[in-house]
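Summary of the model geometry
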Amino acid sequence: MFSSQTKTIWLTILALVAFAANSLLCRLALSQPSIDAASFSLIRLASGAFTLWLIVTFFQNSFKNHTAEKFSGGWFSACMLFLYVAGFSFAYLSLHTGVGALILFGTVQATMLISAIVTGERPSRMEWLGLLLALGGLVYLMLPGLTAPPLLGSAFMTVAGIAWGVYSLHGRGVASPLAATTGNFVRAVPLATIVYVIAVIFKTTHISLAGAVPAIFSGALASGVGYAVWYAALRNLSATRAATLQLAVPVLAAMGGIIFLSETLSLRLTIAACMILGGIAIAIPGRKSV
């Protein structure tokens with residue numbers, strides 16, 4: 001019904017919206033604070049794993065031509081997923097929505113670009129120009145100054161970005177995106193549980209309904225389903241293209257933060273967002289194929 005290119009475009013759009021929603025939901029819960037970062041991470045991963053398990057269990061007949069088993073994935077990808085989720089949650093204790101998303105996906109882009117070059121993928125001149133402009137926007141955002149983001153939050157988000165970049169690269173060749181995402185989420189839950197237990201021991205946990213609900217929505221929909229969609233889109237995206245496209249997320253997240261969380265739009269964030277979007281606009285036409 002849809003061409004492969006059209007399907008990839010729609011899958012990519014849905015995934016990017018889900019990524020932006022994750023930033024909004026996480027910041028909504030942790031800025032109150034109505035939940036701690038360790039609890040948010042555990043609930044997010046557990047609800048995502050449960051939702052994906054339900055999908056592959058009750059609709060497995062629909063996917064029988066696409067997967068030989070309900071769960072695939074692996075422990076390496078699960079560790080990367082856990083590092084991303086944990087770093088993401090702890091970072092949003094101090095970062096605003098748009099700033100956090102810019103740091104995250106700027107780091108993702110750098111990680112995937114380096115990997116692409118190491119593995120022999122050669123971006124075109126226009127892709128190089130777009131990538132460098134977008135990365136320049138990220139560097140400008142993080143330069144020291146009165147409006148620079150908090151260092152600890154930035155460090156946590158940088159770790160999350162590296163982990164997500166590796167996770168995305170590792171998922172490009174999977175046969176069944178749904179089965180792989182399900183397996184990765186299930187394996188990541190015990191890792192998040194360890195962090196949660198440590199937080200309990202140090203008496204830093206607190207959970208309220210206002211914090212648990214965004215965590216559940218973040219895990220079940222924006223993460224679980226969203227990441228399965230992203231894995232499906234990755235099969236038809238080069239590493240360079242996938243890295244560049246994800247830099248649209250910070251702008252979506254920043255707009256959402258302003259509209260739904262009453263966050264302010266600084267001049268630094270505006271300039272950085274323009275540089276990043278300009279870089280995407282230059283890089284996307286740089287290659288004829290998706």
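Relevant structure appears above.
Counting from 1, residues in each chain are numbered in the order their sequence is written. Owing to the predicted nature of the model, reporting of local features is limited to residues with pLDDT of at least 70; listing and counting of side-chain atom pairs is limited to 80 or more, with chain, interface and lining totals taken over all residues. Where side-chain values are given, they derive from all heavy atoms of the structure, hydrogens and water being excluded.

**Describing the pattern of salt bridges**
Keep this limit in mind: By convention in these notes, a salt bridge is any Lys or Arg side-chain nitrogen within 4 Å of a carboxyl oxygen on Asp or Glu. Secondary structure elements are taken from DSSP: a helix is a run of H or I of four residues or more, a strand is a run of E of two residues or more, and numbering for both begins at the N terminus.
This model, assessed by the stated rule, comprises 1 salt bridge. Linking Arg27 and Glu263 is a salt bridge whose minimum nitrogen-to-oxygen distance equals 3.5 Å. One end of the pair, Arg27, is in helix H1 (residues 4–30); the other, Glu263, is in the loop between helix H10 (249–260) and helix H11 (267–283), and 236 residues separate them in sequence.

**Looking at the environment of Ser218**
Stated precisely, the cut-off is as follows: Residue contacts are defined here by distance: any two heavy atoms, one from each residue, within 4.5 Å place the two residues in contact.
With respect to the helices and strands, Ser218 occurs in helix H8 (residues 209–234). Separated by 162 residues in sequence, Ser218 and Val56 place their C-alpha atoms 19 Å apart. Once residues within four sequence positions are removed from consideration, Ser218 is found in contact with Asn22, Leu25, Phe40, Arg44, Ser223 and Gly224.

**Overview of the packing of aromatic side chains**
Quick note on the threshold: Pairing of aromatic side chains requires ring centres within 6.5 Å, counting the rings of Phe and Tyr and the six-membered ring of Trp. Pairs whose planes differ by under 30 degrees are stacked, by over 60 edge-to-face, and all others tilted. Burial classes follow relative accessibility: with a 1.4 Å probe on protein chains only, a residue under 20% of its type's maximum area counts as buried, one over 50% as exposed, and anything between as partly exposed.
Enumeration over the complete set of coordinates arrives at 14 aromatic pairs. Here Phe19 and Trp164 contribute two aromatic rings whose centre-to-centre distance is 5.4 Å and whose plane-to-plane angle is 80°, an arrangement assigned as edge-to-face. Taken together, the residues Phe19 in helix H1 and Trp164 in helix H6 (residues 151–170) connect sequence positions 145 residues apart. For Phe19, a relative accessible area of 4% translates into the label buried. On the basis of relative accessible area, Trp164 is assigned to the buried category, the value being 2%. With centroids separated by 5.5 Å and ring planes inclined at 75°, the aromatic side chains of Phe19 and Trp230 adopt a geometry described as edge-to-face. Here Trp230 lies in helix H8 and Phe19 lies in helix H1, a separation of 211 residues in the sequence. With respect to burial, Phe19 and Trp230 carry one shared label: buried.

**A word on H10**
The condition is simple: Expected helix span is taken as 1.5 Å per residue step, with the number of steps being one fewer than the number of residues.
Taking 1.5 Å of rise per residue, the 12 residues of H10 would be expected to cover 16 Å, and the 16 Å separating its terminal C-alpha atoms lies within 8% of that figure. In the segment just after H10, Ser262 is the residue with positive phi, at about 60°.

**Quick notes on unusual backbone geometry**
In this chain, Gln32 is followed by Pro33 through a cis amide linkage whose omega measures -5°. By the element assignment, Pro33 lies in the loop between H1 and helix H2 (37–58). Positive phi outside glycine occurs at Lys203, with the angle close to 55°. Along the chain, Lys203 falls in the loop between helix H7 (177–201) and H8. You can call Lys203 exposed: its relative accessible area is 76%. The phi angle at Ser262 is positive, at roughly 60°, despite the residue not being glycine.

**Overview of H8**
Every α-helix winds through 3.6 residues per turn, so residues three or four apart in the chain are directed the same way. Using the following cut-off: Here the bend at each residue means the angle between axes fitted to two seven-residue stretches, the one ending at that residue and the one beginning there.
An ideal rise of 1.5 Å per residue puts 38 Å on 26 residues; H8 measures up with 35 Å between its terminal C-alpha atoms. Helix geometry: H8 is bent most strongly at Ser218, by close to 35°. Burial of H8 is extensive: 19 of the 26 residues sit out of reach of the surface.

**A closer look at the environment of Leu95**
Within the secondary structure, Leu95 sits in the loop between helix H3 (75–91) and helix H4 (97–118). Separated by 64 residues in sequence, Leu95 and Ser31 place their C-alpha atoms 8.9 Å apart. Setting aside anything within four residues of it in sequence, one finds Leu95 in contact with Arg27, Gly100, Ile103, Pro149, Pro150, Gly153, Ser154 and Met157.

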